Amino acid sequence: MQEMITLKTFDQAVELAQPRRVLKYVLIFCTAGSATISVDEKEFILTENSVLTITSGQIHYFKNSQNTKGYILEFTYNFFCKDDTDMELIFHNGLFCHFAMNEMIRVDNSPVIIKELEEIGKELIETPYQYLISVHSRIELILIEINRTKINRGDEIYKPDALFLHFLETVLKNFDKNLSVTEIATLIGTTESKLNELSKLHTNKTAQNVIFGLIISEAKRLFNYEKLSVKEVAYALGFNDPFYFSNFFKKHTKISPKSYKEKVLN
């Protein structure tokens, strides 16, 4: 059970020196110094009392750091999302967003977050009675504190719908099956028209175009970090015909997969 949630200091997280991806939500909180962190194709400079949230499946690593200290909290979707309220909290105001909207957030009340992270560390080491419930509650408090910072600085409140989040998670977990909108709707107990309604509301796109966007993001990750061939990426994403996949990629990115791979390698 404990692998569903881990807490490490920057010093302990040696695996972050190299690009990696995990099917967990990652929260990086800096308590001192500064670090450049690469997430997918973007870079962020994390400074004292700042936090960066990384969603499941995103490629990330420490590009460089100067006397940096902090914590890395990782937890799985199944650990945190017990109900719709949990789902809506984890994606509230763009936190752990599936659309690569990561941002560095300098929190207003860092002592609260540091205290909760330290308490989570103790709970995970000592494993007292009902410690996982306690840890869940402490993560809630951390996310609420980050959301308060975003609201205090004037951000518009964005509260996603749990059903829409179920839709996104189902797409991410089934890339290889190349599911249609109708098939996904059936899997999560809703209708295609409802998914289109929610997609329009949250992204101003159809559900199908949301899926296409997630597929393109995943294809770029596979090219960038797993160094797969065009054919391998096509099959990994459920395309039976690599030529069809190449046309699909070019249509949505204005560049062929081969040219994209060459650009990345250079």
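Computed from a prediction, not measured in an experiment: that's the story for all the values here. (Residues numbered from 1 in each chain as written. Predicted model: local features only at pLDDT ≥ 70, side-chain atom pairs only at ≥ 80, totals over all residues. Heavy atoms only, no water.)

Draft legend 1. Local environment of empty space enclosed by the protein. If you walk through the whole model with that rule in mind, you get 3 cavities of 30 Å³ or more. One number sums up the size of the largest cavity: a volume of about 70 Å³. Around the largest cavity, the lining residues are Val 171, Asn 174, Phe 175, Asn 178, Leu 179, Ile 184, Ile 211, Ile 215 and Leu 237. A per-class count over the lining of the largest cavity returns 7 nonpolar, 2 polar and no charged. Estimated volume of the second largest cavity: approximately 50 Å³. Every residue along the wall of the second largest cavity is listed here: Thr 55, Ser 56, His 98, Leu 172, Leu 214, Ser 217 and Arg 221. Counting residues per element, the lining of the second largest cavity draws most heavily on helix H8 (residues 207-225), at 3 residues. (1 Å grid on protein atoms, 1.4 Å probe; cavity = no way out; pocket = protein on both sides within 12 Å on 5 of 7 lines; lining within 4 Å. Points joined across faces, edges and corners; volume = space filled by probe spheres on them. Nonpolar A, V, L, I, M, F, W, Y, C, P; charged D, E, K, R; others polar. Helix = DSSP H or I, 4+ residues; strand = E, 2+ residues; numbered from the N terminus.)

Draft legend 2. How the structure looks around the pairing of strand S2 (residues 25-39). Where burial is concerned, most of S2 is hidden: 12 out of the 15 residues are buried. The sheet contact formed by S2 and strand S5 (residues 60-75) spans 13 bridges and is antiparallel. Within S5, the residue paired with Thr 36 across the bridge is Asn 64. Bridge count for S2 against strand S3 (residues 42-47) is 6 bridges, and the pairing is antiparallel. Its bridge partner lying in S3, Thr 36 is registered against Ile 45. (Buried < 20%, exposed > 50% of the residue type's maximum accessible area, 1.4 Å probe, protein only. Pairing = 2+ DSSP bridges.)

Draft legend 3. Geometry of helix H7 (residues 192-203). Between its terminal C-alpha atoms H7 stretches 16 Å, which fits the 16 Å expected from 12 residues at 1.5 Å a residue. Among the residues of H7, those classed as buried are Leu 195, Leu 198, Ser 199 and His 202. Down the axis of H7, the buried set is contained in an arc of 100°. They therefore lie on one face. With respect to the buried face of H7, the exposed residues turned more than 90 degrees away are Ser 193 and Leu 201. The secondary structure elements touched by the buried residues of H7 are helix H5 (162-173), helix H6 (181-187) and H8. Positive phi shows up at Asn 204, right after H7, with a value of about 60°. (Expected span 1.5 Å × (residues − 1). Arc of directions from axis to C-beta. Contact = heavy atoms within 4.5 Å.)

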